[in-house]
Amino acid sequence: MNTQHERISILGLGAMGRALASALLAAGRDVTVWNRTPGKAGELVARGAREASSVEEAIEAGDLTVACLLNDASVRETLAPAVPKLAGGTLVNLTSGSVRQARELAGWLEGQGVRLLSGGIMAVPPTVGTAGAFILYSGARDLFDRVAPVLGPIGRPHWVGEDPGFAALYDMAALSGMYGMSAGADHAVTLVHREGGDVETFKREVLQPWMEQMLPFMVGGADVTAFVPEEFNPAMQATGLENILSASEEAGVPGDLAGHLRSSLWRMRRAVAG
Ligand SMILES: NC(=O)c1ccc[n+]([C@@H]2O[C@H](COP(=O)([O-])OP(=O)(O)OC[C@H]3O[C@@H](n4cnc5c(N)ncnc54)[C@H](OP(=O)(O)O)[C@@H]3O)[C@@H](O)[C@H]2O)c1
């Protein structure tokens, strides 16, 4: 089928669903949208999208149905009454969820004659369709090969395997890394603020360049056994972490912001103990 002419139906017009529809419309795709609560499609309709008044109508209007809803439960709830309409067709699920939820959804849909391509959106609404955005997909390779050029405008398609749970797996794992960094950044600016430093200057001139310099070491050095190599000098690292924790206590930084430091200190002490 000609990529340009493949009709796409999007279920869900939250912040992300609207961004996906917008990027697809900008690329000239044929887009139909549906949302549980009406009234969110106005701008998209003005740009050429069709608004379906029911899930069934949306599914019928598309060659490809894309779900971008809140969570797995909302996907199940939305599809349950309409799934016979999807029989023989394809669902691309860009709703975040767990690995098991993705696998179970694939099994449930397969039993109804529907093929599932699972997805994980590695973008936020303002970056959808930009050069940095990429989308993880998992499921049958032939399905990915068909879907990738159709949904290419939302972000670079990246297939991570046949297992329908793998898109969710890599998505959740990558988010875990991001939230860890985010927790570190929150702790850092709180410490600076509490001791009277200028947070904006610190962020711009110190934190960002420091984190950029260290990023390859953080990612490259990550280890599944939490093993700390000797050349990493765990005793020095443990002392360093104790210093940061002392500085934080002196400044009255709330203890719940320091969980990542305590877990790193525990690893270093364990490495020192051998
Ligand atoms: N926003 C991001 O930065 C981002 C980034 C990556 C991935 N994602 C993922 O993208 C998905 C959508 O996120 P979002 O930012 O668009 O969330 P959102 O703005 O909160 O929108 C949630 C959407 O789900 C719908 N919904 C919720 N419960 C429903 C139900 N029981 N039945 C039918 N529809 C239901 C809502 O419809 P109503 O309007 O009727 O409430 C709305 O369309 C999530 O899985 C999220 O994890 C988001």
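This structure is a prediction, so every number in the text was calculated from the model and none was measured.

Conventions we followed
Residues numbered from 1 in each chain as written. Predicted model: local features only at pLDDT ≥ 70, side-chain atom pairs only at ≥ 80, totals over all residues. Heavy atoms only, no water. Axes fitted to C-alpha atoms, helices over the stretch in contact; angles between N-to-C directions. Helix = DSSP H or I, 4+ residues; strand = E, 2+ residues; numbered from the N terminus. Parallel < 35°, antiparallel > 145°, perpendicular 65-115°, else oblique. Left-handed = near helix turned anticlockwise from the far one by under 90°. Contact = heavy atoms within 4.5 Å. Nonpolar A, V, L, I, M, F, W, Y, C, P; charged D, E, K, R; others polar. Expected span 1.5 Å × (residues − 1). Buried < 20%, exposed > 50% of the residue type's maximum accessible area, 1.4 Å probe, protein only. 1 Å grid on protein atoms, 1.4 Å probe; cavity = no way out; pocket = protein on both sides within 12 Å on 5 of 7 lines; lining within 4 Å. Points joined across faces, edges and corners; volume = space filled by probe spheres on them. Near = heavy atom within 4 Å. Polar contact = N/O pair within 3.5 Å; in protein donor to acceptor, adjacent residues only side chain to side chain. Areas by Shrake-Rupley, 256 points an atom, 1.4 Å probe, with all protein chains shown as cover. Sits in = over half its atoms within 2 Å of the grid points. Pairing = 2+ DSSP bridges. Right-handed = clockwise from strand over helix to strand, strands pointing away.

*Asks:* Hey, could you go over the packing of helix 8 (residues 166-194) against helix 10 (residues 234-251) for me, with residue numbers and the actual values?
*Replies:* The contact between helix 8 and helix 10 brings their axes to 9 Å, and the two run at 50 degrees. Looking at the two axes, helix 8 sits oblique to helix 10. The handedness of the crossing between helix 8 and helix 10 comes out as left-handed. Residues His187, Leu191 and Arg194 of helix 8 lie in contact with helix 10, whose contacting residues are Ile244, Ala247, Ser248 and Ala251. Considered class by class, the residues forming the contact of helix 8 with helix 10 number 4 nonpolar, 2 polar and 1 charged.

*Asks:* Give a description of helix 8 that names residues and reports values.
*Replies:* Its 29 residues place the ends of helix 8 42 Å apart at the C-alpha level, agreeing with the 42 Å of an ideal helix rising 1.5 Å per residue. The complete set of buried residues in helix 8 reads Ala167, Ala168, Asp171, Gly184, His187, Ala188, Val189, Thr190, Leu191 and Val192. Residues of helix 8 that are buried in the fold lie against helix 6 (99-110), strand 6 (115-122), strand 7 (134-138), helix 9 (199-220), helix 10 and helix 11 (259-273). Two residues or fewer after helix 8 comes Gly196, characterised by a positive phi angle close to 90 degrees.

*Asks:* Kindly report on empty space enclosed by the protein, identifying the contributing residues and their values.
*Replies:* If you walk through the whole model with that rule in mind, you get 1 cavity of 30 Å³ or more. In this structure, the largest cavity spans a volume of roughly 120 Å³. Taken together, 16 residues line the largest cavity, and the ones lying closest to its centre are Asn93, Thr95, Ser96, Gly97 and Ala102. Sorting the residues of the lining of the largest cavity by element identifies helix 6, strand 6 and helix 8 as the ones contributing at least two each. With 4 residues, strand 6 is the largest single contributor of residues to the lining of the largest cavity. Along the lines of polarity and charge, the residues of the lining of the largest cavity split into 5 nonpolar, 9 polar and 2 charged.

*Asks:* Let's hear about the site of the ligand: which residues, and what values?
*Replies:* Lining the immediate environment of the ligand, one finds 22 residues, of which Met16, Asn35, Thr37, Lys40 and Ser96 sit closest. Between the ligand and Met16 there is a distance of 2.8 Å, counted from an oxygen atom to a backbone nitrogen or oxygen. In the environment of the ligand, an oxygen atom lies 2.8 Å from a nitrogen or oxygen atom belonging to the side chain of Lys40. Protein coverage of the free-state accessible area of the ligand, which is 900 Å², stands at 76%. Taking a 2 Å distance to the grid points as the criterion, the majority of the atoms of the ligand fall inside the second largest pocket. Broken down by secondary-structure element, the contributors of at least two residues to the shell around the ligand are helix 1 (15-26) and helix 4 (72-79). In terms of residue class, the shell around the ligand is built from 10 nonpolar, 9 polar and 3 charged.

*Asks:* If you had to explain the packing of helix 4 against helix 6 to someone new, which residues and values would you point to?
*Replies:* A packed helix pair is summarised by two numbers, namely the angle formed by the two axes and the spacing between the axes. Running from N to C, helix 4 and helix 6 point in directions that differ by 15 degrees, and their axes come no closer than 11 Å. Classified by the angle between their axes, helix 4 and helix 6 sit roughly parallel to one another. Relative to helix 6, helix 4 is oriented so that their crossing is left-handed. On the side of helix 4, the interface is formed by Asp72, Val75, Arg76 and Leu79, while helix 6 contributes Gln101, Glu104, Leu105, Trp108 and Leu109. Looking at the contact of helix 4 with helix 6, its residues break down into 5 nonpolar, 1 polar and 3 charged.

*Asks:* Got a sec to walk through the pairing of strand 7? Specific residues and values, please.
*Replies:* Within strand 7, 4 of the 5 residues are buried, leaving the element largely enclosed by the surrounding structure. When strand 6 meets strand 7, the two strands line up antiparallel, connected through 5 bridges. By the bridge assignment, Gly120 is partnered in strand 7 with Leu136. Judged from the 4 bridges that link them, strand 7 and strand 8 (residues 156-159) form a sheet pairing that is parallel. Looking across to strand 8, one finds that Tyr137 is bridged to Trp159. Tracing the backbone out of strand 7, into helix 7 (residues 141-151) and back to the parallel element strand 8 gives a crossover that is right-handed.

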